[in-house]
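Here is what each chain is made of, one letter per residue.
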Amino acid sequence: MNQQSTSRLEADLFLLHAPSVFDFRERDDMLFAYLSDSDSVNVTSVYEIYPIGWFSIQQRLAEHGFDTKIVNVASLMLMHPGLDVERLLARFEAPIFGFDLHWMAHCQGSVELAALVKKVHPEALTVFGGISATYYADQLIEYPSVDVVVQGYDTLEPVTELVTKVRQGSRDFRSIPNLLYKAGGEVQATGFSHKPDADYNNVRNDWSYYRDAPGAGSSESKLIMTLPNTGCAHDCGWCGGSRFAYRNMMGVRKTLIQKDNDLVIEELRTMREAAKRSSIYALQCYSENRTRMHQYLDAVKELGYKSVHFEQFSLTPPDILKKMGESTDAYIMLSPESHDLKISAAAGRGNYTMEQMEEWIPRALDAGVKGIMIWFFIGMPYQDRQSVMDTISYAERLIRKFGGWAALPLICPMVPFLDPGSQFFEEPEKHGYRIHHRTLEEHRRAMVEPLWHRRLNYETRWLDRRQLQDVSYDAIARLVEIKGEHGVLPVGFCKAVLRTIDETRQLLAEMERALELDKRLPAALRDEIRRYNRKILAYTNDQIMPVPRPLGGRWFDDATVPQQMIEACRASPAASSPAGGT
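Residues numbered from 1 in each chain as written. Predicted model: local features only at pLDDT ≥ 70, side-chain atom pairs only at ≥ 80, totals over all residues. Heavy atoms only, no water.

We now examine the pairing of strand β15 (residues 329–337). Judged by how many residues are buried, β15 sits mostly within the fold: seven of nine residues are covered. The pairing of strand β14 (residues 307–312) with β15 spans six bridges and is parallel. From the neighbouring strand, serine 307 faces β15, where its bridge partner is aspartate 329. Between the parallel elements β14 and β15, the chain passes through helix α13 (residues 318–327) in a crossover that is right-handed. (Buried < 20%, exposed > 50% of the residue type's maximum accessible area, 1.4 Å probe, protein only. Helix = DSSP H or I, 4+ residues; strand = E, 2+ residues; numbered from the N terminus. Pairing = 2+ DSSP bridges. Right-handed = clockwise from strand over helix to strand, strands pointing away.)

What follows is the structure, given as structure tokens:
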């Protein structure tokens, strides 16, 4: 690598992914509490995964001759605790910097990272996009660090036009749809008119960067994700991507927009021989029809993908089960939300009973499916503490009946936010909810609350925020105990998880007492918080196999910034405050 490439990086557009809380490495006044709330995507509470729609933007701009570089700042900050982000940004040269506000978990970090970019590159244009950016566009554009908000679920054309204009030396964006932007100190709106009803993100995503990642050994297992559509035909009340949310937020009647299936299959081919050691998390495949699913599964089989995790809304029909079993090591992810049909239906599911599911599981296994993961959710309508613990009792029944791994029950709370735009957020009283944070700024302030139950933007008629926190730990701990008792997980793993849960609850209680008594956290407790945060953010963890996993090697980890540049941008030892220390 030449000196030019290690001293600076140049692009037409940098896409920068921020951590959930920008200065998480320095925080000793809030707890990044262990929750084990992730599934097959191993992330920390910094939420260092970026939307795969960025690949589509990168590809479309490349087709028009523009260079887009994706930099996962959150991942870099986790993996290199001494990295000076300001010094790193100073080495980036581009007229435009883009930021994702797709999930609300990034509302604090993304705006703060954009402010730092503005400090380092005051002439550069800062651009935001994503579902949450669309919902809060009017509020987001008012922040000094935000120059442009691109609205919509498919922004390939507006972003391409924007980059073209800027590269031509123009800041006149009046002809570009879906924008809010600042001009002459005033906010201008160009109208939200670009809403494709077919061929969502109409480019082939390219995984070759990951396939050929430096240092990847021939035996290294990889996990990629596919997304064949956006929006949804279903109406889960908590979801900001639901039919209700898209109709209201995006102003469309057709709420399921599919990608050209040939492009999805071409995308699978970009892994080449690495497919044989790669797994796929098949997002939103529950909205695919039989023809598209069969074509997808034929490609998975032809290319030899190691395994696929399929999200399913309903109990998968026999022909698809058979095809899954023949094509790969198939795992099905079901989300009934509760064992109680009343709660499940109120959450937007409820299209099968637990009895029907138990009758279906052997048929799925007989068809060759390797395992079914059954996710339950905490924070649903009609769900009180007893109902949550009854779900755990039902989970034990499943483990007894199917042996654990064949039908693996899991549970997590809805954190940190109920999606803005969802039915429950927009019509809370109707569904038994109370909303605590409404505006974007209220959500941003909530993200740095010391105690995680105070970050929640909702509570229900049946569980307040503190009760949601407490029952989450009660439920997860009991389920871990059950898995240890029945030999689903090694006893050592279970004991380690239970110790971490106990430590977390004790620390949360100490923090709460201190804040109630003195309205502040004493120095000794801050030291304990810092130590805890460093430990928790030093690895990833999930409920499926709750063993600490080292950071790195994931598709969304940074593949852009060279190691020499990282080394050159480290803070002095005295100034660094590593999150990953011991």
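With that settled, the discussion passes to the confidence of the model for the protein chain. In this model, the protein chain carries an average pLDDT of 94, and 95% of its residues clear a pLDDT of 70 or more. Confidence drops under pLDDT 50 across residues 574–582; counting only partners more than four residues distant or on other chains, this segment forms 19 contacts. (pLDDT = per-residue confidence, 0-100. Contact = heavy atoms within 4.5 Å.)

The next point concerns the sheet that holds strand β3 (residues 68–72). Pairing is mixed in the open sheet, where seven strands are placed in the order β3-β2-β5-β6-β7-β8-β9. On the outer flanks of this sheet lie β3 and β9 (186–189), each paired with one strand and no other. On average, each strand axis in the sheet is inclined to that of its neighbour by 25°, with strand direction left out of account. Sheet contacts for helix α8 (residues 156–167): β5 (96–100), β6 (125–129), β7 (148–150) and β8 (179–183); angle to β6, the most-contacted strand, approximately 175°. (Axes fitted to C-alpha atoms, helices over the stretch in contact; angles between N-to-C directions.)

This paragraph deals with the packing of helix α16 (residues 385–402) against helix α21 (residues 465–485). Their axes nearest at 10 Å, the elements α16 and α21 cross at an angle of 15°. Taken together, the axes of α16 and α21 lie roughly parallel to each other. Once α16 is placed against α21, the crossing between them reads as right-handed. Listed contacts from α21 to Arg385, Val388, Met389, Ile392, Ala395, Glu396 and Ile399 of α16 are Val471, Asp474, Ala475, Arg478, Leu479, Ile482, Lys483 and Glu485. (Parallel < 35°, antiparallel > 145°, perpendicular 65-115°, else oblique. Left-handed = near helix turned anticlockwise from the far one by under 90°.)

With that settled, the discussion passes to the pairing of strand β16 (residues 371–378). Among the eight residues that make up β16, eight are buried, leaving the element largely enclosed by the rest of the structure. The side-chain alternation of β16 yields two buried faces, one formed by Gly371, Met373, Trp375 and Phe377 and the other by Ile372, Ile374, Phe376 and Ile378. Relative to β16, β15 runs parallel, the two being bridged by five bridges. Its bridge partner lying in β16, glutamate 337 is registered against phenylalanine 376. As paired strands, β16 and strand β17 (residues 407–413) are joined by seven bridges and run parallel to one another.

Time to look at unusual backbone geometry. With an omega dihedral of -10°, the bond running from valine 415 to proline 416 counts as a cis peptide bond. Along the polypeptide, proline 416 turns up in the loop between β17 and α17 (423–426). Phi is positive for arginine 272, close to 50°, though the residue is something other than glycine. Mapped onto the elements, arginine 272 comes out in the loop between α11 (261–269) and β13 (278–282). On the basis of relative accessibility, which here comes to 56%, the residue arginine 272 falls in the exposed class. Within the chain, glutamate 337 stands out as a residue other than glycine whose phi angle is a positive 75°. Under the relative-accessibility criterion, glutamate 337 is labelled buried at 3%.

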